[in-house]
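# Close look at the chain arrangement
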Amino acid sequence: MPRSSSLIARVAGAAAGVVLAAATALVAALPAQAASLTQVTGFGSNPGNLTMYAYRPDGLPAGAPAVVLLHGCVQNASTYVANSGWQKYADQWKFTLIAPQQPSGNNANSCFNWFETGDTARGQGEALSIKQMVDYAKTNYGTAAARVYVSGLSAGGAMSAAMLAAYPDVFAAGSIIAGIPYRCATSTVTAFSCMNPGVDKTPAQWGDLARGAYAGYTGKRPRVAIWHGTSDTTVATANAAESRDQWTNVLGLSTTPTSTSTLPAGTGLEVYGNDQVRLYRVSGMGHGTPVDPGTGADQCGTAGAYFLDTICSTYRDALFFGLGGGGASPSPTPTATASPPPTASPSPSPTAAPVCVTASNYAHVVAGRAYQSGGYAYALGSGQRMGLYNTFYKSTLKQTGPAYWVIGC
């Protein structure tokens with residue numbers, strides 16, 4: 001991940017991704033071009049000397065959300081947008097993708113400089129360049145200020161952590177994939193020990209480092225999802241727990257999960273607090289972004305170097321960010337109670353006699369007929385949004401299969 005890393009230099013470069021090219025209209029009534037990843041210039045003073053790309057789906061409404069995507073080492077913006085699966089959901093759920101790119105002149109391996117204090121501090125370097133890209137999107141695309149998110153892999157994951165720490169007032173949530181806690185390293189030399197074997201600090205010590213990125217900030221903190229392969233030898237798996245310790249402490253949460261779940265591809269999910277922090281451990285996966293090529297609602301991406309065929313992390317992150325509206329939700333099998341995370345929408349198996357229950361949304365969640373996320377209740381199985389998660393808002397749910405509920409009766 002550091003610019004001088006011989007480890008990264010020995011790794012084969014990621015296959016270059018190709019984004020959709022502009023298409024010629026077949027009839028005069030159609031637009032002249034389809035949406036494509038486009039370079040944007042003049043987005044700010046750009047002290048980090050980064051390149052900005054943006055993807056805006058056709059039919060993007062005013063006030064749409066945006067996701068900032070930070071590629072890993074030996075990758076670029078188009079590779080990450082094309083292979084990670086984010087374009088599929090941007091088209092489907094209508095949000096903007098902002099894809100910063102690190103030029104080789106900044107870092108020989110095109111890594112974001114997550115280990116340089118001048119590039120990860122608020123108001124400086126690469127971190128400020130990325131923030132200026134967000135500001136540009138708000139001004140020129142009408143991006144909703146309260147619905148901006150960030151996700152990244154490896155060095156991009158570590159930079160994602162930096163953005164969440166330095167700009168908690170900008171990002172509502174973020175995803176750290178095979179990344180490292182904020183301010184683990186402050187130089188190229190210390191970056192290696194952070195990568196492997198990892199650095200052990202107390203939750204309070206990690207939390208203080210993140211809080212120090214914006215001293216005195218008392219506003220709302222972003223929600224955080226952490227992804228790590230259990231066989232990652234590039235960025236040691238210990239970093240997953242250390243990142244968990246950092247963000248649970250920042251959010252004032254216990255390091256004991258409120259629920260645990262089993263997901264496809266041997267993925268374990270731990271949920272902390274009121275679904276404020278998630279930790280995904282992908283069994284047997286090495287260093288890369290989890291993808292699951294296919295046409296299913298919860299499938300995405302293209303397998304390749306650093307894009308590993310396991311589970312579609314993008315789908316679950318998009319729903320965690322709240323980008324999927326009332327659509328389908330991921331399918332965990334809870335092994336502990338309290339705020340179970342979202343569940344998928346398998347085809348329901350009919351039961352002999354449907355069961356109907358009318359209760360408050362709070363009671364539905366407590367009884368396991370629904371789950372809550374972002375202040376709303378969702379029917380278990382179907383993922384249909386029921387309304388506010390409280391004791392006053394009532395809903396009627398009908399069971400149409402094992403662990404599968406729909407609204408109405």
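The rules behind the values
- Residues numbered from 1 in each chain as written.
- Predicted model: local features only at pLDDT ≥ 70, side-chain atom pairs only at ≥ 80, totals over all residues.
- Heavy atoms only, no water.
- Phe/Tyr/Trp six-rings, centres within 6.5 Å; stacked < 30°, edge-to-face > 60°.
- Helix = DSSP H or I, 4+ residues; strand = E, 2+ residues; numbered from the N terminus.
- Buried < 20%, exposed > 50% of the residue type's maximum accessible area, 1.4 Å probe, protein only.
- Lys NZ or Arg CZ within 6 Å of the ring centre and 35° of its normal.
- Disulfide = S-S within 2.5 Å.

## Re the packing of aromatic side chains
Here the structure, examined in full by the defined rule, presents twelve aromatic pairs. Here Tyr80 and Phe307 contribute two aromatic rings whose centre-to-centre distance is 5.6 Å and whose plane-to-plane angle is 45°, an arrangement assigned as tilted. Placement of the pair is Tyr80 in helix H2 (residues 77–84) and Phe307 in strand S12 (residues 307–309), with a sequence separation of 227 residues. Considered together, Tyr80 and Phe307 belong to a single accessibility category, that of buried residues. Where Tyr136 meets Tyr141, the ring centres are 5.8 Å apart and the plane angle is 85°; that geometry is what we call edge-to-face. Of the residues examined, Tyr141 reaches a relative accessible area of 14% and is grouped as buried. Three or more aromatic residues joined by ring pairs make a cluster, and in this case those are Trp86, Phe95, Tyr149, Phe320 and Phe321. We note Lys201 situated over the ring of Trp206; from NZ or CZ to the ring centre the distance is 5.7 Å.

## Examining the state of the cysteines
All told, the structure shown has three disulfides when counted by the stated rule. Here Cys184 connects covalently by a disulfide to Cys194, the sulfurs 2.1 Å from one another. What sets the handedness of the Cys184 and Cys194 disulfide is the S-S torsion sign, and at about -105° it is left-handed. Placement of Cys184 in the loop between strand S6 (173–177) and helix H7 (188–195) and of Cys194 in helix H7 is noted, with a sequence separation of ten residues between them. For the pair Cys184 and Cys194, a shared accessibility class is recorded, and that class is buried.

All quantities given are derived from atomic positions and should not be read as evidence of function.
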